[in-house]
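Here are the chains, one letter per residue:
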Amino acid sequence: TWSPERTVEIITALADLEGPLLPILHEIQETFGCVPPAAVPIIAGALNLSRAEVHGVVSFYHDFRETPAEGRSIKLCRAEACQARGVETLVKAVDGKVAFEPVYCLGLCASGPSALIDGRPVARLTAERLIALAGA
Ligand code: FES
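Described in the following lines is the structure provided in the data block. (Residues numbered from 1 in each chain as written. Predicted model: local features only at pLDDT ≥ 70, side-chain atom pairs only at ≥ 80, totals over all residues. Heavy atoms only, no water.)

1. Some thoughts on the side chain of Ser-111
Then comes step 1: Along the chain, the position of Ser-111 falls in the loop between strand 2 (101-103) and strand 3 (115-117).
Then comes step 2: On the basis of relative accessible area, Ser-111 is assigned to the buried category, the value being 13%.
Then comes step 3: With residues up to four places along the chain from it excluded, the contact list for Ser-111 reads Arg-85, Ala-123 and Arg-124. (Helix = DSSP H or I, 4+ residues; strand = E, 2+ residues; numbered from the N terminus. Buried < 20%, exposed > 50% of the residue type's maximum accessible area, 1.4 Å probe, protein only. Contact = heavy atoms within 4.5 Å.)

2. Digging into the packing of helix 3 (residues 39-47) against helix 4 (residues 51-60)
Then comes step 1: Their axes nearest at 8 Å, the elements helix 3 and helix 4 cross at an angle of 120°. When the axes of helix 3 and helix 4 are compared, the pair comes out oblique. When you trace helix 3 past helix 4, the crossing you get is right-handed. Contacts between helix 3 and helix 4 involve Val-40, Pro-41, Ile-43 and Ala-44 on the former and, on the latter, Arg-51, Val-54 and His-55.
Then comes step 2: Its residues placed into classes, the contact of helix 3 with helix 4 shows five nonpolar, one polar and one charged. (Axes fitted to C-alpha atoms, helices over the stretch in contact; angles between N-to-C directions. Parallel < 35°, antiparallel > 145°, perpendicular 65-115°, else oblique. Left-handed = near helix turned anticlockwise from the far one by under 90°. Nonpolar A, V, L, I, M, F, W, Y, C, P; charged D, E, K, R; others polar.)

3. A few points about helix 2 (residues 21-32)
Then comes step 1: When the terminal C-alpha atoms of helix 2 are compared, their 16 Å separation across 12 residues agrees well with the 16 Å that a helix rising 1.5 Å per residue should span.
Then comes step 2: Within helix 2, burial applies to Leu-21, Ile-24, Leu-25, Ile-28, Gln-29 and Phe-32. Viewed along the axis of helix 2, the buried residues span an arc of 130°, placing them on a single side of the element.
Then comes step 3: The secondary structure elements touched by the buried residues of helix 2 are helix 1 (4-14), helix 3 and helix 4.
Then comes step 4: Once helix 2 ends, the next one or two residues include Gly-33, with phi positive near 80°. (Expected span 1.5 Å × (residues − 1). Arc of directions from axis to C-beta.)

Take a look at the structure:
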């Protein structure tokens, strides 16, 4: 979740760069998954820009978004037992279609490849099933 304190830390760390706005926006987006509207006045104040200028940059670049991406949270186990059960082949098959976060062992080793999808454990995953579950 977004926090003003963390936002200020990011700004402080990057403010000395030449042309700090884009790196700051990238870092904020990377950290929070978006550049929330509440961050705009903080950035503007710190860089001596107007809110409109900062907002203009956020909306100009398609890389930046004001709300986090929709979609399910997918945590895919890439630990040893799931590797032995073919998770890497599955990763290759869904590459570019499904965004996931790697996790290391969900305790479902005997029935891998395993994942947590929106917090729900799913075992014996196949690429087709993962794509369907991800709604991709
Ligand atoms: Fe994947 Fe344990 S290694 S669930």
